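Structural description and commentary
If you want the building blocks of each chain, they are given just below.
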Amino acid sequence: MVSASTMRAVSALFILGSVSVSAFAPSSLLPLRTSTRAAISSTRGRLGLRMSTPVKEARTQVDRDQDNGVGQDSERKAAEQLMQPCPLTTWGQPLNVRDAQASLKNEELPAYPLELSNPSAADLDAQEKYFADNKEQILADLQKHGAIVMRNFDLMKEPQGFERMWKALGMEACLDPLHSVAGRPVVSGKNAVYEAVNKPSRSKFFVGMHNEMVGKRTVKRAAFVCFKKAEVGGEFIIADGVRILRDLDSDLISRLYDRKIRFSSAELPMGFLDNTGPLQPILEPVLRSVLGVIVDMKVDFEVDMFWNRVDGKRVIQAHAPPQPPVIAHPDSGMPTWFCNIHSHSAKLRDERDGVLPETTGASRLNKSDVFYGDGTVIPDADLKSIDKVIKDNMVYVMMNEGDVVLVDNYRTMHGRNVFEGIRKHAVTWFK
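A brief structural summary. (Residues numbered from 1 in each chain as written. Predicted model: local features only at pLDDT ≥ 70, side-chain atom pairs only at ≥ 80, totals over all residues. Heavy atoms only, no water.)

**Observations regarding helix α7 (residues 159-168)**
In terms of burial, α7 is a largely internal element, seven of the 10 residues being buried. Of the positions making up α7, those classed as buried are P159, G161, F162, E163, M165, W166 and A168. The first or second residue beyond α7 is G170, which carries a positive phi of 75°. (Buried < 20%, exposed > 50% of the residue type's maximum accessible area, 1.4 Å probe, protein only. Helix = DSSP H or I, 4+ residues; strand = E, 2+ residues; numbered from the N terminus.)

Printed below as a string of structure tokens:
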């Protein structure tokens, strides 16, 4: 007779396999929050958010609809007809990281970010023409500065006008790195616009600083737009990877670079295996192999599956391959910090988040962490040192309707402050 525990194990091969793919959400979708200094905006720190029961229930339903892909089929199909997958990550050649850092300490870096305001083009056609006429200079400035904040343009207040802007700049949009598993809702597939972490259940979570890279793929550029700012908070946050590399301790950078970094991207509960008796040693490798195959089939994400115990409970964790925390920019050759420790470290996340309400959907499985390349723990003192340098370089940008922040994704990290109310920000990714 087959036991209930064994039946659960067999069911897990199918259920957890599909769920695990959604667990590999990009770091911008992970439930993170912190409070730190603001450089541009006046709103900073954690907000005291309290919702009445009816409002909370309504927002929870919105979250569930997003998790279940309600209304997304047609938008996703439109996006797939318009765009190709985003490019493979360019890691470049190995660096002498001490020399690379030293070169930055002696260099006067340009302003960050560059501010670009509407030069007085009144109608929408004139604003589109402005971008077309100045596209070479704007893209050159983007590479030089790493990020451009565009303000006071009516053109970008709607998805259609936002698309006209980036097409005028000659940029080619690409699919979200996790489009195949619906990791991010599509705002407008025909206009190549994705949601930028506005989910109500994540309003209390700070989105840690990260470059948009998922597995083997990394977007080259991104344009973040505000269609409606939150009533309180919700600032878009950026940080210059070049300045972060310049300011980090030299010995720390050398250790991280020599030993490389490895991320744990998901954690799946497997406690029921403890009750499968003699079948446990048979089921463990089967589950591990099946989950790995499913992930490889659905996303460009190389992972190794590891068994572990967390708080005494059996789990299986997915670890990405080791990677360098510093690279040479694929276009400029400038050395830059390119590493998502700030968003993925469980230690840093727990210190800034404390105990917060559970989010919904696959986000519940997004329990990320970071290790050295060989899987050993990075000391707390090193994590805190990295955290301080990144905080010191964070720039809070309070965006108004129609404002756009154009970023060089290989150089600029981005995140989002906690917020109150309805926030409608969006993003388009580019090759």
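**Description of the packing of helix α4 (residues 97-105) against helix α9 (residues 250-259)**
A pair of packed helices can be characterised by two numbers: the angle between their axes and the separation between those axes. Axis separation between α4 and α9 bottoms out at 9 Å; the angle between their running directions is 140°. The pairing of α4 with α9 is recorded here as oblique in orientation. For the pair α4 and α9, the sense of crossing is right-handed. For the pair α4 and α9, the contacting residues are V97, R98, Q101 and K105 in the first and S250, D251, I253, S254 and Y257 in the second. Across the contact of α4 with α9, the residue classes tally to three nonpolar, three polar and three charged. (Axes fitted to C-alpha atoms, helices over the stretch in contact; angles between N-to-C directions. Parallel < 35°, antiparallel > 145°, perpendicular 65-115°, else oblique. Left-handed = near helix turned anticlockwise from the far one by under 90°. Contact = heavy atoms within 4.5 Å. Nonpolar A, V, L, I, M, F, W, Y, C, P; charged D, E, K, R; others polar.)

**Some remarks on the environment of P330**
Residue placement: P330 occurs in the loop between β15 (326-328) and β16 (335-337). Exposure remark for P330: the relative accessible area of 34% places this residue in the partly exposed category. Linking P330 and W91, residues 239 residues apart in sequence, is a C-alpha distance of 7.8 Å. Not counting residues up to four positions away in its chain, the partners in contact with P330 are T90 and Y410.

**A few points about the sheet that holds strand β12 (residues 261-269)**
Within the open sheet, the four strands sit side by side as β13-β14-β12-β17. Their pairing is antiparallel. A single partner strand is all that each edge strand has here, and the edge strands are β13 (304-310) and β17 (369-372). Going from strand to strand, the sheet's axes swing by 40° on average, the running direction of each strand aside. Note: β12 against β17, four bridges, orientation antiparallel. The residue of β17 that forms the bridge with I261 is Y372. (Pairing = 2+ DSSP bridges.)

**Quick look at the sheet that holds strand β6 (residues 207-210)**
The four strands lie next to each other as β6-β20-β11-β18, forming an open sheet whose pairing is antiparallel. Both outer strands of the open sheet, β6 and β18 (394-397), are each paired with one neighbouring strand and no more. Neighbouring strand axes in the sheet, compared pairwise and without regard to direction, differ in orientation by 20° on average. Pairing between strand β11 (residues 236-240) and strand β20 (residues 412-416): five bridges, direction antiparallel. The partner of D240 across the bridge, within β20, is T412.

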